[in-house]
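Per-entry structural report
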Amino acid sequence: MERIFSRENMMTAYRRVLANKGAPGVDKMTVEQLKPYLVEQWPHIKEELLAGRYKPAPVRGVELPKPGGKGKRLLGIPTVLDRLIQQAIHQVLMPIFDPDFSTSSYGFRPGRSAHDAVRAAQSHVAASNRFVVDLDLEKFLGVSITIGSSDLSNIESVTRA
């Protein structure tokens, strides 16, 4: 956890959140308001995170029309603070776990996009493969996966075989 919430990692995460901009979450805090908030509140927030007492805010739901007028999709917008924390965790975990992901996995992967997934599917069809599977685990299983701070506390001991 100390590695995740180190000053260097948090500053990198802050710069990424700032660059991504994005809409405010349920607390209506903008990315421009984040820095002054952190100057005042970061020691308390970090203490809560390290003690496993931090609770993310609810996610603001926004319905966006699907292309072609085929319904709507729900977009969840976390608070700017929660995006900062998520980014900091991502920066430490991604290099550890990404190398072991399947080469056929495209969701939320560095250097991969939905367009890459479509090209791969087209390639499989051209190679006479009969099936291409697009799977959303959360929708398929009907559950979302949550990683708590206690699950992250042993991050220093994670090594690749």
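Going by the structure above, here's the rest.
All values reported here derive from a predicted model rather than from experimental measurement.

Parameters at a glance
- Position labels on residues start from 1 in each chain and follow its written sequence.
- Local features are withheld for residues below a pLDDT of 70 in this predicted model, meaning they are given only at 70 or higher, and side-chain atom pairs are given and counted only at 80 or more; totals for whole chains, interfaces and linings count all residues.
- To get the side-chain values, all heavy atoms of the structure are used, and hydrogens and water are removed first.
- Centres within 6.5 Å make a pair out of two Phe, Tyr or Trp rings, where for Trp the six-membered ring is used; the pair is then stacked when the planes are under 30 degrees apart, edge-to-face when over 60, and tilted otherwise.
- To qualify as a helix, a DSSP run of H or I must reach at least 4 residues; to qualify as a strand, a run of E must reach at least 2; elements of each kind are numbered from the N terminus.
- Relative accessibility decides the category of a residue: with a 1.4 Å probe and only protein chains considered, values under 20% of the type maximum give buried, values over 50% give exposed, and everything between is partly exposed.
- Helix span is expected to be 1.5 Å times the residue number reduced by one.
- Fitting axes to the seven residues ending at a residue and to the seven starting there, one defines the bend at that residue as the angle between these axes.
- Note on contacts: a residue pair is in contact if any heavy atoms of the two residues lie within 4.5 Å.

Our focus in this paragraph is the packing of aromatic side chains. For any pair of aromatic rings, geometry is given as the distance between the ring centres together with the angle between the planes. Overall, the coordinates contain 1 aromatic pair when judged by the stated rule. Seen in terms of ring centroids, phenylalanine 5 and tryptophan 42 are 6.4 Å apart; in terms of plane orientation they differ by 55°. Their pairing is tilted. Highlighted residues: phenylalanine 5 in the segment before helix H1 (7–20) and tryptophan 42 in helix H2 (residues 31–51), separated in sequence by 37 residues. Neither phenylalanine 5 nor tryptophan 42 differs from the other in exposure class; each is buried.

A separate point is H2. Between its first and last C-alpha atoms H2 spans 26 Å; for 21 residues at 1.5 Å apiece the expected length is 30 Å, and the helix comes up short by more than 12%. Residue glutamine 41 marks the point of greatest curvature in H2, where the axis turns by about 70°; the proline proline 43 follows within four residues. Along H2, the positions that sit buried rather than exposed are Val31, Leu34, Leu38, Trp42, Ile45, Glu48 and Leu49. One or two steps after H2, the chain reaches glycine 52, where phi turns positive at roughly 75°.

Once that is clear, we can look at helix H3 (residues 80–97). In a regular helix each residue adds 1.5 Å, so 18 residues correspond to 26 Å; H3 covers 25 Å between its end C-alpha atoms and thus fits that length. When the local axis directions of H3 are compared, the greatest deviation, roughly 30°, occurs at glutamine 91, which is followed within four positions by the proline proline 95. Most of H3 sits inside the fold, with 14 of its 18 residues counted as buried.

The next thing to look at is the side chain of glutamine 91. Note that glutamine 91 resides in helix H3. Not counting residues within four places of it along the chain, the set of residues in contact with glutamine 91 comprises Asn9, Thr12, Ala13 and Arg16.

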